[in-house]
Amino acid sequence: MNHFEYGPEGLTCEGVPLARIAAEVGTPVYVYSRATLERHFTVFRDALELAGVADPLIAYAVKANSNVAVLKVLGELGAGADTVSEGEVRRALAAGIPAERIVFSGVGKARREIEFALQAGVAEINVESEPELNLIAAVAAELGVRAKVAFRVNPDVAAGGHAKIATGKAENKFGVSFAEAARLYANASNHAALEPVGVACHIGSQITELAPMRAAFSKMRGLVEQLLGEGLSVERLDLGGGLGVPYFNHPEPPSPADFAAMVGEVTAGLPVRLAFEPGRVIAANAGVLVSEVIHIHARPEGRKFLVIDAAMNDLVRPAMYDAFHDIRPLTRRDGEAVYDVVGPVCETGDTFTRDRALPPLAAGDLVAFMSAGAYGAAMASEYNTRPLVPEVLVDGDRFAVIRARPTYDEMLARDLVPDWV
Ligand code: LLP
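Summary of the structure given here. (Residues numbered from 1 in each chain as written. Predicted model: local features only at pLDDT ≥ 70, side-chain atom pairs only at ≥ 80, totals over all residues. Heavy atoms only, no water.)

Things to note about the overall build of the protein
Then, in step 1: Of regular secondary structure, the protein possesses 12 helices and 21 strands.
Then, in step 2: Whereas a compact globule of 421 residues would reach a radius of gyration of roughly 22 Å, the protein reaches 23 Å, a difference of no more than 12%.
Then, in step 3: Its C-alpha atoms give the protein principal-axis dimensions of about 70 × 60 × 45 Å.
Then, in step 4: Counting every position in the protein, which comprises 421 residues, the buried fraction comes to 54%.
Then, in step 5: Within the protein, residue pairs in contact and separated by at least 24 positions form 69% of the contacts whose partners lie at least 6 positions apart.
Then, in step 6: Of the roughly 17500 Å² of accessible surface on the protein, a fraction of 52% belongs to carbon and sulfur atoms.
Then, in step 7: The protein carries 39 positive and 54 negative side-chain charges, and their two centres are separated by 1 Å. (Helix = DSSP H or I, 4+ residues; strand = E, 2+ residues; numbered from the N terminus. Rg over C-alpha atoms; globule rule 2.2 N^0.38 Å. Buried < 20%, exposed > 50% of the residue type's maximum accessible area, 1.4 Å probe, protein only. Contact = heavy atoms within 4.5 Å. Areas by Shrake-Rupley, 256 points an atom, 1.4 Å probe, with all protein chains shown as cover. Lys, Arg positive; Asp, Glu negative; His and termini not counted. Charge placed at Lys NZ, Arg CZ, Asp CG, Glu CD.)

Topic: the site of the ligand
Then, in step 1: As a matter of local geometry, the ligand sits amid 18 residues, with S205, E277, R317, Y321 and Y375 nearest to it.
Then, in step 2: Out of a free accessible area of 590 Å², the ligand has 92% covered by protein chains.
Then, in step 3: Considered class by class, the residues forming the shell around the ligand number 6 nonpolar, 6 polar and 6 charged.
Then, in step 4: Both domain 1 (4-32 + 284-413) and domain 2 (34-281) contribute no fewer than three residues apiece to the shell around the ligand. (Near = heavy atom within 4 Å. Nonpolar A, V, L, I, M, F, W, Y, C, P; charged D, E, K, R; others polar. Domains from an automatic or database assignment.)

Points about the sheet that holds strand β1 (residues 4-7)
Sheet strands associate in pairs through backbone hydrogen bonding, adopting either a parallel or an antiparallel arrangement.
Then, in step 1: Read across the open sheet, the 3 strands follow the order β1-β2-β3; overall the sheet is antiparallel. Edge positions in the sheet fall to β1 and β3 (16-17), since each has one partner strand and no second.
Then, in step 2: Inspection of the sheet shows β1 paired to strand β2 (residues 10-13) by 4 bridges, in the antiparallel sense. Its bridge partner lying in β2, Y6 is registered against L11. (Pairing = 2+ DSSP bridges.)

Here we look at the packing of aromatic side chains
Then, in step 1: In total, this model carries 7 aromatic pairs according to the counting rule given.
Then, in step 2: Their ring planes at 50° and their centres at 5.5 Å tell us that F151 and Y185 sit as a pair that is tilted. Here F151, found in strand β9 (residues 147-154), pairs with Y185, found in helix α7 (residues 178-189); they are 34 residues apart in sequence, far enough to count as distant.
Then, in step 3: By relative accessible area, which is 0% here, F151 ends up buried.
Then, in step 4: Given a relative accessible area of 1%, Y185 falls into the buried group.
Then, in step 5: Pairing F352 with F369 gives two aromatic rings, centres 4.6 Å apart and planes at 55°, and the pair type is tilted. Pair noted here: F352 is in strand β18 (residues 351-358) and F369 is in strand β19 (residues 366-369), with a separation of 17 residues, a long-range link. As far as burial versus exposure is concerned, F352 and F369 are alike and both buried.
Then, in step 6: Site record: aromatic cluster; members linked through ring pairs are F44, F217, F259 and F276.
Then, in step 7: Taking the ring centre of F104 as reference, the NZ or CZ of K109 above it sits at 5.8 Å.
Then, in step 8: Above the ring of F178, the side-chain terminus of K219 is found at 5.6 Å from the ring centroid. (Phe/Tyr/Trp six-rings, centres within 6.5 Å; stacked < 30°, edge-to-face > 60°. Lys NZ or Arg CZ within 6 Å of the ring centre and 35° of its normal.)

Keep in mind these values describe shape, not function.
Dropping the structure here:
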């Protein structure tokens, strides 16, 4: 459930009509609902509790929506942070998320990023390969600390979904293989600068079936039991993120309750603390992208292009993954017209959708891309020198800009022209 509904003043986020935000902040603009973010986090946490998962670490995947205000909302509910760069660790810390709730993942952590994470005292660094383990050990030894590490294991399970976001097959770049996990874990346990605390997996994103997750988690359980059987200390099992959300044209994903029940079953009696890294399921349906129709270009042959002021640089998911986002006019109306919805960027890929039946629209009308709170603003760029899209957070009847649109002066001031040019 989310808090975007039609009211007397059109499509509304909690108590604020989206048209009012568009008038004050301009378009395109991302709008997030605080109540929805909070609800999604609590539903996820309560479902796990109900399924008998005691005291899980829910490390929200910062990459999905990394605005510091969003992180603060979630952090105040007890969320940790799953991070993949020094920048994301800094964002989580800036939002007041304590280091002991921060997980540092990612396939290519640089030396300076490892140094930063160790100095900050993060809960665990998820190790993705043997060379990375050696680098972490060397950095920790230099700093005179013991690095808490968890091994990200590639369970070699196909999770379905788009190939660009599947991560759990052996041919993907992520994690150490099952074959090497136990050896690396045992070696690390004997290393003075390393403290292995557990194992982790993450098999993909927008997963809409429980079966692949069940298969991967069962393999992980087997690995934990094997390590414990070898007398090694294992405190944590990190089951990653990946639970899908309804995008309206997709297969209905399992509910957090179904997911949690499956986790409860698979991990029953396992003497470890569970961690999760949900991103999309918390943030996607908590945000929309509001855009204005610039004009409608109707070709005599019949095709109608709805040209809007948002583009692939603001929301890249359709161009990159052929992703479907429901598009709703802010003012409800009857009738139907079929449009190709396109942005102003000079690429054919800047097409949000083709042949989409929408209510008839005209220049100046406002539309909202639904389910855009995850991997929307976080993946935005300034391609075509379009100002980075701003973000707004709604809380009941009030709203605030949580990232301002840069001015052209600010954008141009970032470029430096040497005096020899
Ligand atoms: N943990 C790890 C290690 C991850 O790589 C990811 C996502 C997550 C957690 C969070 O997954 P989620 O719960 O959000 O599915 N840009 C793509 C999605 C990329 C996902 C990358 N990894 C999209 O827009 O669909």
